[in-house]
Amino acid sequence: MVFNLFPRSKQLQEAQDIRARLPQSGPVCIFLTGVTGFVGGAIAAALADTENFKEMLFLVRAQSAAEGAQRVRQSLARFTPPGVPPPLVLERQVIVADLNDADAFSDPRLDAVSHVIHSAAVTSFADRPDIWTVNVDATMRLAERFSEVARLRRFVYVGTAMACGVARGAIVTETLRLPLEHAHLVPYTASKARAENQLRERFPELPLVSVRPSIIVGHSSLGCKPSASIFWLLKVVSQLNRFVCPPSAYLDIVPVDYCASTIVTLTLKPTLAFPVYHISAGPGGSSMVGELLQALQGMEGGAQGRPYERVTEAALKQMAQSFGATARGTVNTRMLHKALTLYGRFSRLNYIFDQRRILSEGLPPAPSFLDYLGRCHRSAQALPLREQMACDFK
Ligand SMILES: NC(=O)c1ccc[n+]([C@@H]2O[C@H](COP(=O)([O-])OP(=O)(O)OC[C@H]3O[C@@H](n4cnc5c(N)ncnc54)[C@H](OP(=O)(O)O)[C@@H]3O)[C@@H](O)[C@H]2O)c1
C-alpha cells in the first residue's frame, strides 16, 4: 500500500520531469550526512582520492563552517595511515546543521547535488526520543527536500541489516518492507525499519537505494584505529569464555572500509538491478562464535584450556560484576551488563545476511573477520577498555 502523505507540489513535478530528461552522467556532487561517524567517515575516506571529493558537501553539527571543516578533517584522519595527512576539506564544503533543525536542508548549495548518501543516525541502543526525530522525521524532511532537486540521480539511504527484525530464518534475504516496532530487540532498529518503509511509501519517485550493512567491526588494514566499536565486547566475551549463544552461532561481520567502498560503488554505478542491498559477509564470509573466541584467546592467552560455556541471560549480571572486579574499577559494570545483554540477544538470532545481490553487481565479497582480527587486536591493545567502550556509549 502507498501512503502519499506529502502533496505533490508543482516544484516537485518539475524536478521529476527535469530528472527524467537528465542524462545519467554529468557533474557529480555528493552530499554526505554522518561524516563524523564511523561509517560516514569511512565513506568520505573512500572518496578522498577521487575527483569527486572536492565537490562533496558535508552536513556537520558545529558552531561554524571552520569548526565543521575541522570535524570532517578529524574524522578523515582516523582513516589515513600513520604519517599521511588527511585530505583538504574546505569551509565551502560544509553545511552546518543539526538534522533536528526544521531548516537543516534550506541551504541553496543542495540544489546542485547529484547524489545523496544519508549515513547520519542516532545509533544508540537506548530508548531515546531523538532516535525517532533524527532517524525517521529528519530522514523524511531530507527526502522531501531532495524530491525537489532536479539534478538528483541517486538517494542512498544507509539502513541496517538488523532492521529485518527478530523472526527471520538463518539466512536473511533483502525484503522491501520491514517489520515495525514489536519485531525488534531495540528501538534503534525499529526506527531504521520505519524510516526505510516510510521513504518508499511517501517518496515513490525518489531515486532511492537502500544499503543495509550487517555488523561492522574494525577496518581491514587499520584494525580498530578508526573505532573499537563492538570489538571490545568480543574481547570481553573471549576473556569470560561464557556467553548466551552457542559456539556454533554465526556472526555476519564486515570491516568498515569494505562497507564504505561498497556504498560508494552503489552510489555512483549508473544502473543498479535492485532497490535494496545487504552489505554483508554472507554464508561464505561469516564467522562462528567459537572460532572467533578461539582466535582471540590465541592472541590474548586467555581461557587457559577452559571450554566455552553457554549461559542464560540471568548469569550476565554476575559475569559483568566479576569482570568489573578484575578490571579494578576501570569498567562501568552496569554498562557492560547492558551491552552483554543486548548484543547477546543479537548473537542468538544467528543471522547470516545474503550477499548475492552485491556479488551480482560485480562487487567483491567481504573479507572474513578472521582475516583481519589480528589487526583489530593489535591496534586496540594500547587503548583502555573504558575508551573502547565509549565508542558504543555516546
Ligand atoms: N556501525 C555499525 O555497526 C552499523 C551497522 C549497520 C548499519 N549502520 C548504519 O550506518 C549509519 C552510520 O552508523 P555509524 O556507525 O557511523 O554511527 P555513528 O558512528 O554513531 O555516527 C553517527 C553520525 O550521525 C551524526 N548525527 C547523529 N545525530 C545527528 C543530528 N541530530 N544532526 C546531524 N548529524 C547527526 C553524528 O554526528 P555527530 O558526530 O555530530 O554526533 C555522526 O556523524 C547509520 O545509519 C547506522 O544505522 C551502522
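Q: Give me the lowdown on unusual backbone geometry, citing residues and values where you can.
A: In this structure, N241 takes a positive phi of about 55° despite not being glycine. Take N241: it is sitting in the loop between α6 (231-240) and β9 (242-243). Classification of N241 by relative accessible area gives buried; the value is 3%. Despite not being glycine, N350 has its phi angle at roughly 55°, a positive value. Looking at the secondary structure, you find N350 in the loop between α11 (333-349) and β15 (352-353). A relative accessible area of 28% means that N350 is categorised as partly exposed.

Q: So, the side chain of Q198: which residues are in play, and what are the values?
A: Position of Q198 among the secondary structure elements: in helix α5 (residues 187-202). Residues within four places of Q198 in sequence aside, it is in contact with V136, M140 and F203.

Q: Residue-level account of the packing of helix α4 (residues 130-147) against α5, with values.
A: Relative orientation of the contacting elements α4 and α5 amounts to 20°, with a least axis distance of 9 Å. Between α4 and α5, the angle falls in the class roughly parallel. As for the relative orientation of α4 and α5, their crossing is right-handed in sense. Residues I131, W132, N135, V136, T139, M140 and A143 of α4 touch α5, and the partners they reach there are P187, Y188, A190, S191, K192, R194, A195, Q198, L199 and R202. In terms of residue class, the contact of α4 with α5 is built from ten nonpolar, four polar and three charged.

Q: Describe the nonpolar core, naming the residues involved and giving the relevant values.
A: Residues F31, F146, F155 and F369 are the most contacted members of the largest nonpolar core, which totals 82 residues. Top element by residues in this core is α4. It accounts for eight residues. Split by domain, this core shows at least three residues from each of two domains, domain 1 (14-213) and domain 2 (231-250 + 288-349 + 369-390). Apart from the residues within four sequence positions on either side, F369 is in contact with V217, F231, L234, I253, G285, S287, L292 and C376. Within the second largest apolar cluster, 41 residues are counted, among which are V28, L32, I216 and I263.

Q: Mind laying out the domain arrangement of the protein chain, listing which residues take part and the relevant values?
A: Where the parts come together, the accessible area they lose is often given as the size of the interface. Assigned domains of the protein chain: these are domain 1 (14-213) and domain 2 (231-250 + 288-349 + 369-390). Computed from C-alpha atoms alone, the centre-to-centre distance between domain 1 and domain 2 is 31 Å. At the interface, seven residues of domain 1 touch six residues of domain 2. Taking both sides of the interface into account, the surface hidden between domain 1 and domain 2 amounts to around 670 Å²; carbon and sulfur atoms contribute 85%. Contact with domain 2 buries surface across domain 1, with F125, M162 and L185 losing the most and accounting together for 72% of the total. Taken together, the connections running from domain 1 to domain 2 amount to zero salt bridges. In this assembly, domain 1 and domain 2 are joined by zero residue pairs in polar contact (both at pLDDT 80 or more). A class-by-class count of the residues in the side of domain 1 that touches domain 2 yields six nonpolar, one polar and no charged.

Q: Explain the site of the ligand residue by residue, including any values.
A: The immediate surroundings of the ligand are formed by 25 residues, with T36, V39, R71, Y188 and K192 found nearest. R61 places a side-chain nitrogen or oxygen 2.8 Å from an oxygen atom of the ligand. K192 has a polar side-chain atom sitting 2.6 Å from an oxygen atom of the ligand. Here the ligand loses 88% of its free accessible area of 900 Å² to cover by the protein chains.

Q: Can you explain the environment of I230? Please cite residues and give values.
A: Relative to the helices and strands, I230 is located in the loop between β8 (215-216) and α6. Overall, the relative accessible area of 15% leaves I230 in the buried class. As for I230 and Q388, which are separated by 158 residues in sequence, their C-alpha atoms are 8.6 Å apart. Setting aside its immediate chain neighbours within four residues, I230 contacts I215, I216, V217, Y343 and D392.

Conventions and cut-offs
- Note that residues are indexed from 1 along each chain, following the sequence as it is written.
- Residue-level local features of this predicted model are given only where pLDDT is at least 70; pairs of side-chain atoms are given and counted only at 80 or more, and the full residue set underlies all totals for whole chains, interfaces and linings.
- As a rule here, side-chain values cover all heavy atoms of the structure and leave hydrogens and water aside.
- Here a helix means four or more residues in a row that DSSP labels H or I, a strand means two or more in a row labelled E, and each is numbered from the N terminus.
- Note on exposure labels: buried denotes an accessible area under 20% of the residue type's maximum, exposed denotes more than 50%, and partly exposed covers the range between, all computed with a 1.4 Å probe on protein chains only.
- In what follows, a contact means two residues having at least one pair of non-hydrogen atoms within 4.5 Å.
- Only C-alpha atoms enter the line fits that serve as axes; for helices the fit covers just the stretch in contact. Angles between N-to-C directions range over 0 to 180 degrees.
- In these notes the angle categories are as follows: under 35 degrees is roughly parallel, over 145 is roughly antiparallel, 65 to 115 is roughly perpendicular, and the rest is oblique.
- Here is the rule for handedness: rotate from the far helix to the near one, and if that takes an anticlockwise turn smaller than a right angle the crossing is left-handed, while a clockwise turn gives right-handed.
- In this classification, Asp, Glu, Lys and Arg are treated as charged, Ala, Val, Leu, Ile, Met, Phe, Trp, Tyr, Cys and Pro as nonpolar, and every other residue, Gly included, as polar.
- Residues belong to one nonpolar core when they are buried, are Ala, Val, Leu, Ile, Met, Phe, Trp, Tyr or Cys, and are joined through side-chain atoms within 4.5 Å.
- The domain limits used here are those given by an automatic or database domain assignment.
- The buried area of a pairing is the accessible area, by a 1.4 Å probe, that goes missing from both parts when the two are put together, added over both.
- What counts as a salt bridge is simple: a side-chain nitrogen of Lys or Arg found within 4 Å of a carboxyl oxygen of Asp or Glu.
- Polar contact criterion, stated in full: a pair of N or O atoms within 3.5 Å, where within protein one must be able to donate a hydrogen and the other to accept it, and residues adjacent in sequence count only if both atoms are side-chain atoms.
- We call a residue near a molecule or strand whenever a single non-hydrogen atom of that residue lies within 4 Å of it.
- For every accessible area listed, the method is Shrake-Rupley and the probe measures 1.4 Å; residues are considered covered only by the protein chains on display.

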